[in-house]
Amino acid sequence: MTGTPTMGIELMNETAEKPRVLVVEDEAVIAMNLRNLLSSKGYSVIGVAAGGREALDMAEEHRPDIVLMDIVLHGEMDGIETAGLLKNNYDAAVVYMTAHSDDETLRRAMETEPHGYVVKPVSAGELHSTLRIALYKSRLDKKLRESEELHRVVLENISDAVFITDDGGRFTYVCPNAYAIFSRGRDEIMAMGRVSRLLGDDLYSMEELRRAGELVNIERTVTDRTGAAHSLLVNIKRVDIGGGTVLITCRDITEKKRLDDINAFQSELLDRIGDYITATDMEGTITYVNEAVARAFGARRDDMIGSTVMDFGDDPAKGATQREIVETVRREGLWSGDVVNILPDGREVIFNSRVWLIRGAGGGPAGMVGVSTDITDRRRMEAVSYTHLTL
C-alpha cells in the first residue's frame, strides 16, 4: 500500500475549525492559484503577502496556524529570514516552497526548522498532504513545549532537589532549585561530574538498585558550600530519560529533624513532670497526654489519642463535669477548679485542674491544654480532720 500516512491526522473534518493559512508569494498568478487551491481543500486563507514585511504585518493581525512560504522573495528579506521571524514571534508552522532546491538553499531553510518543504510547481495532492502533516507536527510540537514548560515550572518550584544520572553516576540533569540545598548552581553541580562528589561515595550500588528498582528514605548528611550541614532524605529510582537511567530526589529535612528533636525534648520533659497534662481540640477530643495520665488510666498514650475527655468520667456532686469545663474554656478562655475522674477500675480520683485556651499562629482558637494535680489524698485528709473537729 502506498500513499501519504494519515494515522492520527484528523485535521480537515467537518466539525474542526478551518486551519488558517498565510500565503507568502511574490508572483501574483501563482499566489492566486494557491489561494483558490487551498480554499477548495478546506483551508481558510487569511491573506496573501508579496514580501517579508507584509507577511509579518499580516501574521501580527491574523495569527496564522501555518505559513506557505516562497523561499525566494524580492525585497529587504527573503523567505528564509521571514520564516525565522514568523516562527520566533508568532509560533507559526512554516512550509517552504521554491523552484530552487540546491544544497545551500536547503541548508539555510533547514536551519529555521520548517514543518515541511515542497518544490514548485506544486501539485494539489502533494501540497494538501504536506500541509496536513505540517499542521499535525506543529500541534504535537506545541503540546510538547507546553509539557516541557509545565515540568520546568514544577521543577523550579518544588522544594526537593532532583538529579538524573547515567549508570556511572554522571549527571545528565540537575534541577534549577538545587542551590536552595547545596548553595551551588546547576552549572557548578554539573561540572562536578558525578553525584558521588555531591552526596558521597556509599549512597547506593547499581547492583542493589537494579535488584530493587527503587531505594527510598535514605538519610544522608551533606555540607553545603557555606559549611552548613543539611540532613537529606534521598530516594533513588531506575528511569530511562534522555540518556539518564537513575533519578535521585533529595528532600532537606534539616528543619524537620530540628523540630523533632525539640518535640522529643519537650515530650521527655513533660513525661518527667508529676502533674497530669492533657491537650485537646476545641471539642474535647484528646490530642496529647503525658505519661502520668496514661499511667493513671492504665492505657497506652497512643490508645488515648482520639478519645474524648468525657471518657475520663466525672461526678457533678463533687466537681465540674467535663462538658462544663470544655464549654467554659471555649467561652471564657480559662477554667480552674476541682474535677473528679473515674478510673477504669471504678476508683474516683479528685484533680485540681487548670485549663487554658490555646491559640494558633493565626490567632484563632486551636485547642485546650489542662494541667491537673491529684489531690485525692489531701481531700480525704481534710475530710477526716473535719470529722474529728465536729465530734
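Here's a quick rundown of the structure. (Residues numbered from 1 in each chain as written. Predicted model: local features only at pLDDT ≥ 70, side-chain atom pairs only at ≥ 80, totals over all residues. Heavy atoms only, no water.)

What follows is about the overall build of the protein. For the protein, the helix and strand inventory stands at 14 helices and 15 strands. Whereas a compact globule of 391 residues would reach a radius of gyration of roughly 21 Å, the protein reaches 38 Å, over 25% beyond that. Taking as baseline every contact in the protein between residues at least 6 positions apart, the subset at least 24 positions apart corresponds to 47%. Surface summary for the protein: the accessible area is close to 22200 Å², and the carbon and sulfur share equals 52%. (Helix = DSSP H or I, 4+ residues; strand = E, 2+ residues; numbered from the N terminus. Rg over C-alpha atoms; globule rule 2.2 N^0.38 Å. Contact = heavy atoms within 4.5 Å. Areas by Shrake-Rupley, 256 points an atom, 1.4 Å probe, with all protein chains shown as cover.)

Turning our attention to the sheet that holds strand β7 (residues 171-174). In space, the 5 strands of this open sheet follow the order β7-β6-β10-β9-β8, with antiparallel pairing throughout. With one partner strand each, in any of the chains shown, β7 and β8 (214-223) form the two edges of the open sheet. Within this sheet the neighbouring strands show an average axis-to-axis angle of 25 degrees, counted without direction. For β8 and strand β9 (residues 229-241), the ladder comprises 8 bridges, and the chain directions are antiparallel. Bridged to Glu 219 within β9 is Leu 233. On top of the sheet, helix α10 (residues 254-271) reaches β8, β9 and β10 (244-252); it is set at about 135 degrees to β9, its chief contact. (Pairing = 2+ DSSP bridges. Axes fitted to C-alpha atoms, helices over the stretch in contact; angles between N-to-C directions.)

Taking 1.5 Å of rise per residue, the 12 residues of helix α3 (residues 79-90) would be expected to cover 16 Å, and the 16 Å separating its terminal C-alpha atoms lies within 8% of that figure. Along α3, the positions that sit buried rather than exposed are Gly 79, Ile 80, Thr 82, Ala 83, Gly 84, Leu 86 and Tyr 90. Summarising the contacts, the buried residues of α3 are in contact with α2 (52-62), β3 (66-70), β4 (93-98) and α4 (103-110). The N-cap of α3, judged by a side-chain oxygen 3.2 Å from the amide nitrogen of Ile 80 a few residues on, is Asp 78. Once α3 ends, the next one or two residues include Asp 91, with phi positive near 55 degrees. (Expected span 1.5 Å × (residues − 1). Buried < 20%, exposed > 50% of the residue type's maximum accessible area, 1.4 Å probe, protein only. Polar contact = N/O pair within 3.5 Å; in protein donor to acceptor, adjacent residues only side chain to side chain.)

Contact geometry for α2 and α3: axes closest at 10 Å, N-to-C directions at 15 degrees. Taken together, the axes of α2 and α3 are roughly parallel relative to one another. By crossing handedness, the relation of α2 to α3 is classed as right-handed. Contact residues: α2 offers Gly 52, Ala 55, Leu 56, Ala 59 and Glu 60, while α3 offers Thr 82, Leu 85, Leu 86 and Tyr 90. Grouping the amino acids of the contact of α2 with α3 by side-chain chemistry returns 6 nonpolar, 2 polar and 1 charged. (Parallel < 35°, antiparallel > 145°, perpendicular 65-115°, else oblique. Left-handed = near helix turned anticlockwise from the far one by under 90°. Nonpolar A, V, L, I, M, F, W, Y, C, P; charged D, E, K, R; others polar.)

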